[in-house]
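Residue-level structural notes
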Amino acid sequence: MPAHDFAPVFGTARVMVILRDLPADETLRLAQRAWDLGIGVVEVPVRTPEALTALRRTVAAGRERGRPVGAGTVFAVEQVVRAAEAGAAFTVAPGLDLAVADAAAERGLPHLPGVATPGEAQRARDHGLRWLKAFPAVSLGPAWFRAVAGPLPELRFVATGGLDAGNAGEFLAAGVRVVAVGSALADPRQVDRLAELAAG
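Overview of the structure. Bear in mind the structure is a predicted one, so any value in this text is a computation, not a measurement.

What follows covers the pattern of salt bridges. According to the stated counting rule, one finds nine salt bridges in the structure shown. For aspartate 21, the salt bridge identified is with arginine 47, shortest N-O distance 2.2 Å. In this pair, aspartate 21 sits in the loop between β1 (15-18) and α2 (24-36) while arginine 47 sits in the loop between β2 (41-45) and α3 (49-65), placing the two residues 26 residues apart along the sequence. On the accessibility criterion, aspartate 21 (49% relative accessible area) is partly exposed. One salt bridge in this structure joins arginine 29 and glutamate 26, with 2.9 Å as the shortest N-O distance. Of this pair, arginine 29 and glutamate 26 are both found in helix α2, three residues apart, which corresponds to roughly one turn of the helix. Here arginine 29 falls in the partly exposed class, since its relative accessible area comes to 43%.

Here is the structure:
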């Protein structure tokens, strides 16, 4: 299968915001805040029916501003179907399931699978996946990315899990293409730093 190309999704973006388990109104408010700060990519995990409502509303708002909104925590084919119906621009999973990746590809959605070992990263690469989510990034640490880049330099990583404005810069310096943050966006003490990171 062809590579899932996230270059059109991320462009030059360095930060992605994950808006998990929030009411639809709050999800939309924080997405708008992210876009105003220059953070262009938003992920809405879809573990519940309420989350699908939040995804649909955020997708609609993102379309108006030319901003991609993806569906996260997608670990089953049925979730891929629902995400596609909601208009998601991409899907993200906590782990590596090639059937889910294939289902997303069939619907024209780039899929970002989660990996935590070089073996998983190689398996994903061999399946045509070049953009991977490293999870949990804070447990792996920045050095993990430098080490994996040696034998697998063609891979592009999105670091997810435990990142905030205080430590995200270390991961970007280690070669991570995009850092994903969650609750940091709602913390006034971190907002300015997040905007700086997004601006590069």
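The topology assignment puts arginine 63 in helix α3. Overall, arginine 63 belongs to the exposed group, its relative accessible area being 59%. Residues arginine 63 and glycine 87, spaced 24 residues apart in sequence, show a C-alpha to C-alpha distance of 9.6 Å.

This part is about the nonpolar core. Of all hydrophobic cores here, the largest spans 59 residues; its most connected members are Leu55, Leu132, Phe145, Phe157, Phe171, Val179 and Leu194. Residues contacting phenylalanine 157, with those up to four places away along its chain left out, are Val115, Ala121, Leu132, Ala134, Trp144, Phe145, Val148, Val176, Arg177 and Val178.

Taken as a whole and judged by the stated rule, the model has nine aromatic pairs. Seen in terms of ring centroids, phenylalanine 6 and phenylalanine 10 are 5.5 Å apart; in terms of plane orientation they differ by 25°. Their pairing is stacked. Exposure class is identical for phenylalanine 6 and phenylalanine 10. Each is buried. An angle of 45° between the planes, with centres 6.5 Å apart, marks the rings of phenylalanine 10 and phenylalanine 90 as tilted.

Between its first and last C-alpha, α2 extends 18 Å over 13 residues, near the 18 Å set by a 1.5 Å rise per residue. Every buried residue of α2 is accounted for by Ala24, Thr27, Leu28, Leu30, Ala31, Ala34 and Trp35. Buried residues belonging to α2 abut β1, β2, α3 and β3 (69-72). Remark: glycine 38 follows α2 within two positions and exhibits a positive phi of approximately 95°.

About the cut-offs
Residues numbered from 1 in each chain as written. Predicted model: local features only at pLDDT ≥ 70, side-chain atom pairs only at ≥ 80, totals over all residues. Heavy atoms only, no water. Salt bridge = Lys/Arg side-chain N within 4 Å of Asp/Glu carboxyl O. Helix = DSSP H or I, 4+ residues; strand = E, 2+ residues; numbered from the N terminus. Buried < 20%, exposed > 50% of the residue type's maximum accessible area, 1.4 Å probe, protein only. Core = buried A, V, L, I, M, F, W, Y, C linked by side-chain atoms within 4.5 Å. Contact = heavy atoms within 4.5 Å. Phe/Tyr/Trp six-rings, centres within 6.5 Å; stacked < 30°, edge-to-face > 60°. Expected span 1.5 Å × (residues − 1).

Shape is all these values report; function is a separate question.
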